[in-house]
Amino acid sequence: MSQDSPPQPPPPPPPPRGRLLVNPLTRTFDPPPPPRANLISNKEETVVPTPDPSPPAAAPPPPDNENTNPSCKYDAFISFRGTDVRQTFLSHLFAHMNDERHVLTFKDDVNLKRGDKISPTLIDAIERSSSYVVIFSPNYADSDWCLDELVKILECSRKYERKVVPVFYGGVTPSHVRNRKGSYGDAFTEYEKKLPSKEMEAKLKTWTAALKQAANISGFDSLVTKPERHLVEEITRTILGAIRQTFSPIMEGLVGIDQDIQDVEKLLSFDDENDNRVIGFWGMPGIGKTTLAKAMFHKIDAEKFEGVHFIENFAAQLKKTQVIDLQNELFHKLLGDDEQAHVMPTNLKLDRVGRVRSFVVVDDVTMDSLRSLKELLHGKLCNLFRAGSRIILTSTDRQVLKNVGCQVVHQVKGLDDDKALQLLSSYAFRKDRPPSEFMERCKKIVSYASGHPLALTVLGAALLGRSTGYWDCALDKLKKIPNKEIENLLMISYDGLSVEEQSVFLDIACFFNHEDYNFVTRVLDEDLVSNLVDKSLLCVNGSKGEIEMHGMLKDLGKKIVRKERMLEKRSRLWKAEDLQTLLNKNMGTGATEGILLNMSKTKEEVCASSATFERMMNLRLLSIQVAKQRSVISAHVLPLSSQSKKVFVPEELKSLSGELRLLEWDLFPATSLPCEFSPRYLHVLRLKHSNIRQLWESNNVDLGNLRELNLFASKYLRKLPDLSKSKKLEVIDLTSCTSLDELHDSIIYLPKLQTLILNSCGSLNPNFLDQHQAKGDQTQAFPSLKEVNLDKTRIKQVPYLIKSAPLLSKLSCSSCPNIPEFPEILQSMEGLLELDLSYCKGISSIPDTIRILSSLEKLDLSGTGIEEVPSSVLDLRRLSVLRYAKCEKLLRAPTSYKKLYCLKTLDDSDCVMLTNKNPELPDTLEYQRDN
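These numbers come from a predicted model, not from an experiment.

Asks: Go over the sheet that holds strand β11 (residues 358-362) with me, naming the residues and quoting the values.
Replies: What the 5 strands build is an open sheet, ordered β10-β11-β12-β9-β13; its pairing is parallel. Edge positions in the sheet fall to β10 (307-311) and β13 (408-411), since each of these pairs with one other strand and no more. Across the sheet, the axes of successive neighbouring strands diverge by a mean angle of 15°, strand direction being ignored. Bridge count between β11 and strand β12 (residues 390-395): 4 bridges; the pairing is parallel. Looking at the pairing, Val-361 lines up with Ile-392 of β12. Contacting β9 (277-282), β11, β12 and β13, helix α8 (residues 258-268) crosses the sheet at an angle of about 150° to β9. Taken strand by strand, helix α11 (residues 323-335) contacts β10 and β11, and its axis lies near 150° from that of β10.

Written out as structure tokens, the structure is:
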């Protein structure tokens, strides 16, 4: 979440990773739509229900109302008679709307069976479409399903104020429809033969009224609007206009933003296509600058801009990535999915971007990031793009916006009292207005919050479901805090937390903001983290899978910690200079609960005594990193600058706190952990690029709470301890432990182990699990194992115990030179989602039993010795990625991949002996072939 976004109610935990659909019209960031085979309804066919992808986090539910507008899943729904238009006009209209103009259109090509009632799936699709196109073709009225569908469409149009676009096609005129003439009259004559059925009599009246109503709506006549291509474009333009008049789902529930939008639209002057404009949004943190920028981004006219991009949290992103990466992403977005965009010469990219009319938002620009912004836009700002382009910048510093050259700076102000009351009530009561007994109390909170959206949101969430007495106590606290001190208002929510919740809040504010959700919840209590999400003090970024705390709340947490001025008395330390002082001067005490030392921010090596760590007996979190961010340390070879700066302990490290939950120490200097260290509370152990030879000299160590063991690139490690008591262990990462020659038997039966990474463990016994197969133990091996990486190991075959793991979903054995053939496929592997056997040169054929892998989504056989891709691969109907590049012996492959309707990527590049290099491809293929 940006520093300026009033937080929406928290989203759910991160969804499964996958491709995201970005609809250029609504700018919603949703999971991909169902396969296109499940998208326009034909009344002679049966709709197969498609699971609804997880929606983005919604705003607080509106008041109970039977006319409440349901969230829309589709931009448009097309009602049509398949026998008339499916293969002709409809196919052109759908391709233009859905594929060319990215209007997500409901369409279904699966056979429908006739029935007495309209399909529930169609009813749901109609209710969740934001606009409708009704194609009145000659035989439309022959279908009672079509007529029932029309009735439902008009009902939703009236109920939810949605656009209906009638299209009179194939000689049908509005008069035919309105007055039941021609084929429409013939159809009704047939229906009347079923009289005196009371049900049919009622339906005839309803259908007649619906046809009259639809015929009176302004629409298009194919006899008037010619040629057909022009008709298609006009229909699409009308639907786009209807979509632009509504907000996307992400904007639902926002309060008090309409006037700001109108003001900004005037400032942006979209109709002026001759000049470029740069405007800035300025205001205090949390006041709504980012929210307003998102609203404009969602509402822009998709026809006016050829390229759009939103860079959120610009200043924060610069701490994790380089400007060149953001620049490449910007060019990639504006130039489309051109795979060559990243490797183009700079002058060519600039030339191409200069021909694109663009709409770009850069959120949270600070004085420190000003130079980076100029680098991002090559110092040209809006002149980088084609005339008619628009740029929006947001910042808490008005001087930044002036320095960068904004033509206009728009101040984002707080809400007025009425809107503030509505926002508070939506979070505290899930209604637009509070109950009468809370009205005066709400007005007092509105007065104290001074229209600040974030404060209103947090306080409202904290007071949700609370009694009047609790509200009175909260109001008493508010009276002691000056109105202008918004930061102190947030303390009301902090004080309302339990002691345990407060501790987690401070941990995240000081150490874990924008960190991986799974990592954070392994270290900290997941239930407590969820409580903070529920109370709007945290959110989970679903697309990134990260924990996010609003900047104001993060600053509040750090300020609470800094209130103790003496370093040795502070509970949490994260500033490099403070930690250098503490460790170099041996100032550690029992007050210290958490340390995050990033050596990339220090100027020299840190020297700490063993006694310093011994005195920090209450230390729960110890993280010593050598790289700018955690992912950088995952390089097999560290930069020299990282290796030269580390924490040096001159004498033997005798002990560490027995309270440790996180022990993360890059370049750990000792050959084993202290013998007096009791890790009974340890949740995560990360010793990357360490000197560890064995974790403990003793095998009698309590690791009952351990959830992650990561010894990445600990090249001296020879073996693991007995982990049989580590019943909660989920992840073991031993990547590049090049001296590791055996694994302890205990890992086989760990009940919660999900991830086992042995990549580049070159000394590992190639038969490391085979001996256990011979024992015939009836206990299920690897009962929770989902992901295994055996890349660059000496294995001769995939161990049976791994292949038989019931939940195995991802198996990678890339670059294993000793594998002589395609691994045996067991029936238990039918749930496998990803299989990577690339560069296993010994594999010469693919067995027909591959069809057992019916759930497989990704298959990589690149660089193998296969001579043929058999037709059995076509039975893998869920396959989305298929790679067999650089297979020098490959002669034959299927001539058609039409059956693989989920296929998104096919890579057969550099197969020099392959004869059929132009197979038929499914319509869903987005990136045809990588070559």
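Asks: Which residues make up the nonpolar core, and what values do they have?
Replies: Note on soluble globular proteins: their nonpolar side chains tend to be buried together. Formed by 106 residues in total, the largest nonpolar core has its most connected members in Leu-663, Trp-665, Leu-734, Phe-782, Tyr-884 and Tyr-897. Of all the secondary-structure elements, those providing two or more residues to this core are α24 (576-584), β17 (594-598), β19 (621-625), β21 (662-665) and α28 (800-803). If one sorts the elements of this core by residue count, α24 sits on top with 4 residues. Residues within four places of Leu-734 in sequence aside, it is in contact with Leu-711, Leu-717, Leu-720, Leu-740, Leu-743, Ile-757, Leu-758, Asn-759 and Cys-761.

Asks: Tell me what's going on with unusual backbone geometry, and back it up with residues and numbers.
Replies: Residue Pro-227 is bonded to the preceding Lys-226 through a cis peptide linkage, with omega at -10°. Mapping Pro-227 onto the fold places it in the loop between β8 (220-221) and α7 (228-244). You will see that Tyr-839, though not glycine, has its phi angle at about 60°, which is positive. The residue Tyr-839 is located in the loop between β28 (834-836) and β29 (858-860) in this model.

Asks: Report on the pattern of salt bridges, specifying residues and quantitative values.
Replies: Per the counting criterion, the structure on display carries 29 salt bridges. Across the pair Asp-741 and Arg-718 runs a salt bridge, and its minimum N-O distance is 3.4 Å. Of this pair, Asp-741 sits in the loop between β24 (731-733) and β25 (755-757) while Arg-718 sits in the loop between β23 (708-710) and β24, and the two are 23 residues apart along the sequence. For Asp-741, a relative accessible area of 26% translates into the label partly exposed. One salt bridge in this structure joins Lys-803 and Glu-824, with 4.0 Å as the shortest N-O distance. One end of the pair, Lys-803, is in helix α28; the other, Glu-824, is in the loop between β27 (810-812) and β28, with 21 residues separating them in the sequence. For Glu-824, a relative accessible area of 52% corresponds to the exposed category. Connected through salt bridges with shared partners, the residues Arg-522, Glu-664, Arg-686, Glu-708 and Glu-730 form a single ionic network.

Asks: Any chance you could break down the packing of aromatic side chains for me, citing the residues and the numbers?
Replies: Applying the stated criterion across every chain, the model contains 22 aromatic pairs. With centroids separated by 4.6 Å and ring planes inclined at 25°, the aromatic side chains of Phe-89 and Tyr-169 adopt a geometry described as stacked. One end of the pair, Phe-89, is in helix α1 (residues 82-100); the other, Tyr-169, is in the loop between β7 (163-168) and α4 (174-179), with 80 residues separating them in the sequence. With relative accessibility at 0%, the residue Phe-89 sits in the buried group. Residue class for Tyr-169 comes out buried when judged on its relative accessible area of 15%. Measuring from centroid to centroid gives 5.0 Å for Tyr-191 and Trp-207, while their planes differ by 55°, and the two rings are tilted. Here Tyr-191, found in helix α5 (residues 183-192), pairs with Trp-207, found in helix α6 (residues 198-215); they are 16 residues apart in sequence, far enough to count as distant. Accessibility expressed as a relative area gives 2% for Trp-207, which makes it buried. A network of ring pairs unites the aromatic residues Phe-270, Phe-297, Phe-305, Phe-310 and Phe-359 as a single cluster.

Analysis parameters
- Residues numbered from 1 in each chain as written.
- Predicted model: local features only at pLDDT ≥ 70, side-chain atom pairs only at ≥ 80, totals over all residues.
- Heavy atoms only, no water.
- Pairing = 2+ DSSP bridges.
- Helix = DSSP H or I, 4+ residues; strand = E, 2+ residues; numbered from the N terminus.
- Axes fitted to C-alpha atoms, helices over the stretch in contact; angles between N-to-C directions.
- Contact = heavy atoms within 4.5 Å.
- Core = buried A, V, L, I, M, F, W, Y, C linked by side-chain atoms within 4.5 Å.
- Buried < 20%, exposed > 50% of the residue type's maximum accessible area, 1.4 Å probe, protein only.
- Salt bridge = Lys/Arg side-chain N within 4 Å of Asp/Glu carboxyl O.
- Phe/Tyr/Trp six-rings, centres within 6.5 Å; stacked < 30°, edge-to-face > 60°.

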